[in-house]
Amino acid sequence: MTPLKPSFHGGLWCTEVLELLPDLVAGEVGAEERAAVEAHLRACDACARFGGRYAGLLTALAEAARQEPPAGVLERLRLRLRADLPPTR
Ligand SMILES: [Zn+2]
């Protein structure tokens, strides 16, 4: 497996993309940010794979959140996404 190296595409760093993913799935980001994330996903292999893996999970969470409050689930997931990436140096 290729090690994940944060890189810069579409005006966003990988870490920023992963931070935005939960909000994106929850529909809480504006059109501009969404376009930037999508541009990054097209250019960045690591995030495309990451995004694909988590998008399904996040979508399921967002669906569940519609029935009951997420109670910090998205926040915990956000922290996990960050932990999966090495810190930007
Ligand atoms: Zn990336």
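One can find the structure itself at the top, above this paragraph.
What counts, and at which threshold
- Residues numbered from 1 in each chain as written.
- Predicted model: local features only at pLDDT ≥ 70, side-chain atom pairs only at ≥ 80, totals over all residues.
- Helix = DSSP H or I, 4+ residues; strand = E, 2+ residues; numbered from the N terminus.
- Contact = placed C-beta atoms within 7 Å.
- Expected span 1.5 Å × (residues − 1).
- Buried ≥ 20, exposed ≤ 12 C-beta atoms within 10 Å, placed from the backbone.
- Core = buried A, V, L, I, M, F, W, Y, C linked by C-beta atoms within 7 Å.
- Axes fitted to C-alpha atoms, helices over the stretch in contact; angles between N-to-C directions.
- Parallel < 35°, antiparallel > 145°, perpendicular 65-115°, else oblique.
- Left-handed = near helix turned anticlockwise from the far one by under 90°.
- Nonpolar A, V, L, I, M, F, W, Y, C, P; charged D, E, K, R; others polar.

**Q** An account of the overall build of the protein is needed here, citing residue identities and associated values.
**A** In terms of regular secondary structure, the protein is built from 4 helices and 2 strands. Within the protein, residue pairs in contact and separated by at least 24 positions form 70% of the contacts whose partners lie at least 6 positions apart.

**Q** Please provide a residue-by-residue account of helix H1 (residues 14-25), values included.
**A** Under the 1.5 Å per step criterion, the end-to-end length of H1 is 16 Å for 12 residues, consistent within 8% with the ideal 16 Å. The set of residues buried in H1 consists of Cys14, Val17, Leu18, Leu20, Leu21, Pro22 and Val25. Phi turns positive one or two residues past the end of H1, at Gly27, with a value near 75 degrees.

**Q** Describe the nonpolar core, with residues and values.
**A** Counting residues in hydrophobic clusters, the biggest one holds 12 residues: Leu12, Cys14, Val17, Leu18, Leu20, Leu21, Val25, Val37, Leu41, Cys44, Cys47 and Phe50. The set of elements that each furnish at least two residues to this core consists of H1, helix H2 (31-43) and helix H3 (45-67). Among the elements that line this core, the one with the most residues is H1, at 6 residues. Apart from residues no more than four positions distant in its own chain, Val37 is found in contact with Leu12, Val17, Leu20 and Leu24.

**Q** Quick one: what's the story with the packing of H1 against helix H4 (residues 73-84), residue by residue and with numbers?
**A** At their nearest, the axes of H1 and H4 sit 9 Å apart, and the two run at 160 degrees to each other. Overall, the two elements H1 and H4 adopt an arrangement that is roughly antiparallel. Crossing geometry of H1 relative to H4 is assigned as right-handed. Contacts between H1 and H4 involve Thr15, Leu18, Glu19, Leu21 and Pro22 from the former and Leu74, Leu77, Arg78, Leu81 and Arg82 from the latter. Here the contact of H1 with H4 is built from residues that sort into 6 nonpolar, 1 polar and 3 charged.

Coordinates in, geometry out; function isn't part of it.
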